[in-house]
Amino acid sequence: MIIFDNVNMAAVTDPESEVFEITDFTTASEWERFVSRVEEVLNEWKLTGNSTRKLSKEKADYSNGTWEEKSQEINFVDFTFSMTHYALVQENENDTNTELEEAPFPLAMQDLLCTKNDFPPRAHCLVRWYGIREFVVISPGPNVEAIISESKCNLLLSSISVSLVNSGCQVPMFVQIQQKWRRLYSGECQGHGVHTEFEMVHLRKVPSQYNHLSGLLDIFKSKTGYTIYPLPPINVAIRFTYILQDWQQHSWPLQPPDFDNLLGGEVGVEEFGKLPFGACEETISELHLSTTWPELTEGTVLDNDVYSDLDPLHAPHWALRIKTVEHPQCLLGDLLTDLFKLRGRKETTEEILGRGSAEEEGKDSTISSALSRLTEPAAPVPISKLSVSSMVHNARRHIQRHRLNDESPLGIEELNCILQYLFPDAAMDKTENQSAQPNSYGKSQKDQNTDDLFIQLKSAPVESLTHRLALCMCLVNSYHGGLRAVAYLWQEFVLELRYRWENNYQICGLQEELPDLRCCLLHQKLQMLNCCIKRKQARDNICNTPERSSETASQNVHQPTQFTATASSSQITAGSPGKSLDSWSDSEEEFFECLSDQGDTETPSMRREKDGSKTRAEGRMHPCNNMTLLNSSELLFIPVTQEPAPMTEDLLEEQSEILAKLGTSAEGAQLRARMQSACLLSDMESFKAANPGSVLEDFVRWYSPRDFLEEEIVNETSQTILKGQLSPRMKIPGNIWVETWENAKAVPAHRQRRLFDDTREAEKVLHFLEVQKPADLSCHLLPCIIHAAILKLKEEEASENIPSVKNNIQKVTVQASKLLQQFNPDYSNLQDCIDFLIAMEMVIAQYRSLKTKFAIAEAENEEQRENLRQFLNSLLEDPEVVVSGAGHGKIGGIIHRLFVNVQESANLDKEPGQKKNEERKLTEGDSKNHDFPSPAGREILLRTCIPRPAPYSKSLPQRLFCVLTRDEFRLVGAFSSDTSFF
Amino acid sequence: MDDDVLTTLKLLIIGESGVGKSSLLLRFTEDTFDPEQSATIGVDFKVKTLAIDGNKAKLAIWDTAGQERFRTLTPSYYRGAQGVILVYDVTKRDTFTKLENWLNELETYTTRNDIVKMLVGNKIDRDDHEVDRNEGLKFARKHAMLFIEASAKTKDGVQCAFEELVEKILQTPGLWESESQGQTLRLGNQEQGGGRACGGYCSVP
C-alpha cells in the first residue's frame, strides 16, 4: 500500500495545479489513464454508491440463484484486460430495503464471516473461497500473456487500490495473476476506515507441518497477529471429499448388440425396425462423497500429525455428487450423429458406386431389384414378358455383378433382408397381401389417433414405408457399410419402385390416397408414385385384362376412377340415384359390352330424349336432386368427372409461384383464371356429355347453385311459378364461365385429355428419387429419424420414470417441430436438437448405471425404493445432493458399503506393510478408519473476528480457506484491518 | 421498397360461393367495388402492404373459389397460411350453416394449428338479413375466432377486418418470426452461468 499512499500525496501536493488553476492531463501517464478507465467502468456499473447493506439472515442460494455477469474490455497501453462484475441477484431486495440500517462494514466483509453459505455445490471459485456474493475481477484478456512478474502484479494491485478509493466503491476487486490455470487472485476491498486484503498461496505439495488442522490454525493465528487475550474462538468448518472410481464390483451391464448376427437369418427382418439404445461403456466415472463438519470451534476437535477425530462415517453432513463420463459411446446417439454427418457428403450415388452400375440397371428395365425374385412366383399376368428363366437369368447376373466387384457394400442376404422388411408384401402370396394390407392400414390408423407426432415433426407415420426406410438407412449407414451401402441400398430401393411402377404393383405402407402435405417431402413423393400406379392400374385393367377388372372395380369402390364409373353408370336407369357396392360388381358383364359396343346398351329412358336425342348421354354418375333440365324433362345428371391432380408440396410451391408471378393486375387475374379453367372445362365437357341438350343454366345449377336465382313470379294466368335466371355475375358478357361453356364439347371424362398425366408424373417422381444423393437422402429422412428417436426415448424413459427426461422430451419435441415445419430447416439448430436427444440418452444410461450401483432392485420395501429413486434422480439433476441421515441413514449405508467393497478388494491387492506406509503418508489424519480411502480433497475454513493491526483497533473479519489435495496446497486468506489510525 | 417490411404474411379468404370474398379483397386492396365481379376460378392472388403500429407487413392474400367442385383444387393453397378470413353472407343462412364444413377443411389442410381465424359476415348493407349478428358472435366465440360484420359495397368494416387479423398474427408468438429469434434449448441441469464460473468443486481434483 506504499504506492497507493504516494500517489495520493502526489495528487494533493502537485505544485503546478495550484499555480495555474488549470487541470492538465496532457502528461498523464498510461498508468493514470488505466486507473481512470477502471473508475469510469465502476461508475458505469453503478458500483460506487454506498452499498452497505445488512446481511440477510437467510442462506443465500449461491449455486442455484442467478449470477449476473457484466464484462468490459479495458486496456493498459496495448495490454487488454477484461473486467468482469459478478453479482448474485438478490431475490428479497425489498426486504433489505426496509431495514436500511447502516452496516458497520461492506457487505463483502460481512460475507467473510457468514457461516450459512459454506461449500456451495456450484459457484465461482472466489465465491467458494471467500463466501462473497458480489465482486469484480480484472483478468488478462484472451490471447494475452499472463501477468507473472511481481512488479506488474504490484502495479495492477496499486491501480485497483487507487480506483477503489477514488470511486468509493465497496465491492471487492480482484486481479488474476500468474498462469490462468493456477487460479491465483489477489485483491482488495475498501470500506470506511477499514480495508480487507485478499491474498493467496498456491503450492504443488502440502508441507508436512501444515497437513492437518492444528498446523493450519498456527498459520492463521500468526497471520492475524493474534496478540490479544483472551483469544476469541476460531470458527472451523471442515469438509473431506472421498472419491470412488473403481467399479469392479459393477461391470457395465449393457453389451452392444451384435449387429452382424441380426442379419443371420430369421430374426433379422424384425430387428431392422428397432433402433439400438444405451451406452456401450460405463457412464458414471466417479462418485464424490463430501463429508462436512460445519461450525466446529477450535479445541472441540483434534486433528494433528498423529491423531484425528475426523471420522467421515460420523460426519454430521454428507453430500454426494457424480462425475459422468464426458462423451460415452451411446448407440442411439451415434446413429443420429452418423446420419447427420452424411449430410456433408457431396458425392452422388453414381460417384460412390461407380458409373457403370447405375446405368446398366437403369437402362435394362427388365432387371429389377433382387426382390423381383421374391415377387415373381406369385406375380399375376401383367408381367408376362418376364419369363421365369429371364428372372433367374437376371438374378444370376445380379449376383455375378456382386461377385465381380468384391467390395460390394451390402451382401445379397443383407440386402434381401432389408428389402423384405421394406416391402413385406413381396414375400407374401398375392391374395394374402391384399387381405393383409387393410389390416396394416387399420393398425396405423389407430397409431395416428394416439400419436400425431408425425404431423408435428412433419415426418411420416410410424410403420409407413418412409419411416421404415429411414430406420434401415440409419442402421445401414452406421453398421453395414456406411456411405457406399447407403447409396447402394437407395439405388436398389428406387429400382424396386420403378419395378413396381412398370409392373403395376402398388407400394404398400403409404396409407393416404393422396400426398399428405403434413408429411415429409419424400413420403409425399412416394405417395404420389402410388397414386400414379393406382391410376395406371385402373387404366390398364380396363384396357388389357377383362377378367381381372371386377376385382379392380371392387377395390376401387372408395375412389371410383372415371373408367369404371363410366362403365357402371351406363347400367343405371334414370330412377336409381346412387349405387350400392353390389351394383358395381353386378355390372361387370354389361360393362364390357358397353365398352365394346356402347350404342346397344342405352336404356329406354335415354331413348326418350327430346331435342338433343341424337346425341347419346355418356359418363353419368347419378341424378342431381331429381332436377330436370331447363329445356327438357330429362333428369339433370351429375357427370363422372376427372379426379383432381394429386400434388406434392414442391409442385404446389412451384404452381403457387407461377400463379403469384402473374401479378395482381386485372390481366394477371384473368390469365390466372384461364390457367386454372382446364378443370372447369373438363367438368363442363363431362356435364354436356352426360346431359345432352343442357344449357349453362343447367350446369350452374349443379356447379354453383347460388348463381342460379329463382324467384316466384305471377304469370298471366295468375299462377305463381318459379322462374330462374343466372346471377348477374354469370351474365357478364364474355366472362370465363360463358366462354368456357361455349368452347366445351360434349366429351365424357374418360375420353378427355387427362388432367393428370400419371405416366409423366411417375417418371418425374422416379427421376427425382434417382438423383437424390446420400446427403439429400439424409436430409429427407432426418425428420423420420428424429421422430423414431423421440419415440425410442419415450419408451426407454417410461420404463425408468425419470422426470427430467420426460420434461426434456416435451421440450425437444416442441423445438424440433418448430424447426422441421419450415420449408428449409435450419440444420445448425437441428444439430442442437440432436445433441439434446443424445444428452437424454446419456441421462437414461447414467440412471441405469446408478440403479445397479445402488442396487435399487434389492431395496427392502417400496417406500425405500421410492426414496432411492428420488435420490438418484436428484443426483442426475443437481450438482450435489444431501444424503439425509449422513453416514447412518439408509442411503448413507449403501454408499458406505460401496466404499468398503472397493477398499477390501484394494487391500487384497496390496501387501500390508506397503499399504500402511502409503496411507500414512497421504492422510495422517485418517488413519483410524479404513472403510474409506484417503480423502482426495480436504477443505478447511477458519474464521474469526479480531482487532487488527493493533489491539485497540476495530474487531474485523478474518478468514483463511485451505485446500489440501494430492497435488495442490492452497491457502486463501482475507485479512481485514482498521485503517483509521494507520 | 421491401427493405422496411417486417414480414410477409400469407392470408386466405374462404367461404361459400357468392358471399363476396373477392369483393372484400378488392375493397381492401384497391378500395373499389365492382358489382360485376366475376366468379373466381380456382384461386386468385393479391398483394398489399399494411402498416400496423409502425411495422409494415406485406400481405399475400389468396382468394379462393367457393364452389364445391373447386374444393378439390383450392385447399392445396392453404399450406403455410398464417391467417384466414372465413366469409359468410348475412342474407343467406345456408352460407352461415356451412361454416362448420369450412372449419373442418381448414383443420385438415392447413399445416399449422395456430393459424389466426377471422369470421366476417358480409353484405350488411342489405336489408334482408337472415343471420343475426349475435349468431355470428356466438359462432366466432365457440371456435376462438375474431369476428366482424362488414360490407364490401359500403366499405364498412373491411379495412378493420384485415388490420385486426394482421395485428393478431403479429402478436402471436412463433407464428411469423424467423426461427433464429426462437429460444434455444437448454438442458434442465445445465449450468446457467456459462463457462466462466468454474464448478464449485474446482479446488479438488
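Under the annotation held in an unreviewed UniProt entry, chain B carries the name small monomeric GTPase and is attributed to Hippocampus comes. Heading Sequence similarities (unreviewed entry) of the UniProt record for chain B holds this comment: "Belongs to the small GTPase superfamily. Rab family." Per UniProt, chain B carries the Catalytic activity (unreviewed entry) text "GTP + H2O = GDP + phosphate + H(+)".

Under an unreviewed UniProt entry, the name given to chain A is Rab3 GTPase-activating protein catalytic subunit, and the source organism is Hippocampus comes. Its UniProt record, at the heading Sequence similarities (unreviewed entry), says of chain A: "Belongs to the Rab3-GAP catalytic subunit family."

Draft legend 1. Structural view of the sheet that holds strand 4 (residues 83-89) of chain B. All names here are of chain B. If you trace the six strands from one edge of the open sheet to the other, you get 2-3-1-4-5-6, paired in mixed fashion. Among the strands making up the open sheet, the edge pair consists of strand 2 (43-52) and strand 6 (146-149). Each strand of the sheet is rotated relative to its neighbour by a mean of 25°, with strand direction disregarded. Pairing geometry for strand 4 and strand 5 (residues 116-122), over seven bridges, is parallel. Looking across to strand 5, one finds that Leu 86 is bridged to Leu 119.

Draft legend 2. Structural detail: the interface of chain A and chain B. Contact residues are listed per partner, giving 72 residues for chain A and 48 residues for chain B. The tally of links between chain A and chain B comes to six salt bridges. The partner of Arg69(B) in a salt bridge is Asp683(A), with the nearest N and O atoms 2.8 Å apart. In this assembly, chain A and chain B are joined by eleven residue pairs in polar contact (both at pLDDT 80 or more). Of the residues in the side of chain A that touches chain B, the class split is 30 nonpolar, 21 polar and 21 charged.

Draft legend 3. A look at the confidence of the model for chain B. Residue and element names in this part refer to chain B. Looking at chain B, pLDDT values average 80 and 84% of them are 70 or higher. When the criterion is pLDDT under 50, residues 178-205 qualifies, and its contacts beyond four places in sequence or with other chains add up to 65 contacts. Two summary scores accompany this predicted model of the complex, namely pTM at 0.72 and ipTM at 0.83.

Draft legend 4. Summary view of the packing of aromatic side chains. Within this structure, the stated rule accounts for 36 aromatic pairs over all chains. A ring pair is formed by Phe28(B) and Phe162(B), whose centres lie 3.8 Å apart and whose planes are at 5°; its orientation type is stacked. Placement of the pair is Phe28(B) in helix 1 (residues 21-30) and Phe162(B) in helix 5 (residues 158-171), with a sequence separation of 134 residues. Taken individually, Phe28(B) and Phe162(B) each receive the classification buried, so the pair is uniform in this respect. Between Tyr78(B) and Tyr109(B), the ring centres sit 6.4 Å apart and the planes meet at 90°, which makes this aromatic pair edge-to-face. Placement of the pair is Tyr78(B) in the loop between strand 3 (55-64) and strand 4 and Tyr109(B) in helix 3 (residues 99-109), with a sequence separation of 31 residues. Of the residues examined, Tyr109(B) reaches a relative accessible area of 38% and is grouped as partly exposed. Through a chain of ring-to-ring contacts, the aromatic side chains of Phe687(A), Phe699(A), Trp702(A), Tyr703(A), Trp737(A), Trp741(A) and Phe70(B) assemble into a single cluster. Sitting over the face of the ring of Trp501(A), Lys536(A) holds its NZ or CZ atom 4.4 Å from the ring centroid. Between the NZ or CZ atom of Arg701(A) and the centre of the ring of Phe708(A), over which it lies, the distance is 5.6 Å.

Cut-offs used in this document
- Residues numbered from 1 in each chain as written.
- Chains lettered and ligands numbered in written order.
- Predicted model: local features only at pLDDT ≥ 70, side-chain atom pairs only at ≥ 80, totals over all residues.
- Heavy atoms only, no water.
- UniProt positions renumbered as here; feature names shortened; annotations may be inferred.
- Pairing = 2+ DSSP bridges.
- Helix = DSSP H or I, 4+ residues; strand = E, 2+ residues; numbered from the N terminus.
- Axes fitted to C-alpha atoms, helices over the stretch in contact; angles between N-to-C directions.
- Contact = heavy atoms within 4.5 Å.
- Salt bridge = Lys/Arg side-chain N within 4 Å of Asp/Glu carboxyl O.
- Polar contact = N/O pair within 3.5 Å; in protein donor to acceptor, adjacent residues only side chain to side chain.
- Nonpolar A, V, L, I, M, F, W, Y, C, P; charged D, E, K, R; others polar.
- pLDDT = per-residue confidence, 0-100.
- Phe/Tyr/Trp six-rings, centres within 6.5 Å; stacked < 30°, edge-to-face > 60°.
- Buried < 20%, exposed > 50% of the residue type's maximum accessible area, 1.4 Å probe, protein only.
- Lys NZ or Arg CZ within 6 Å of the ring centre and 35° of its normal.

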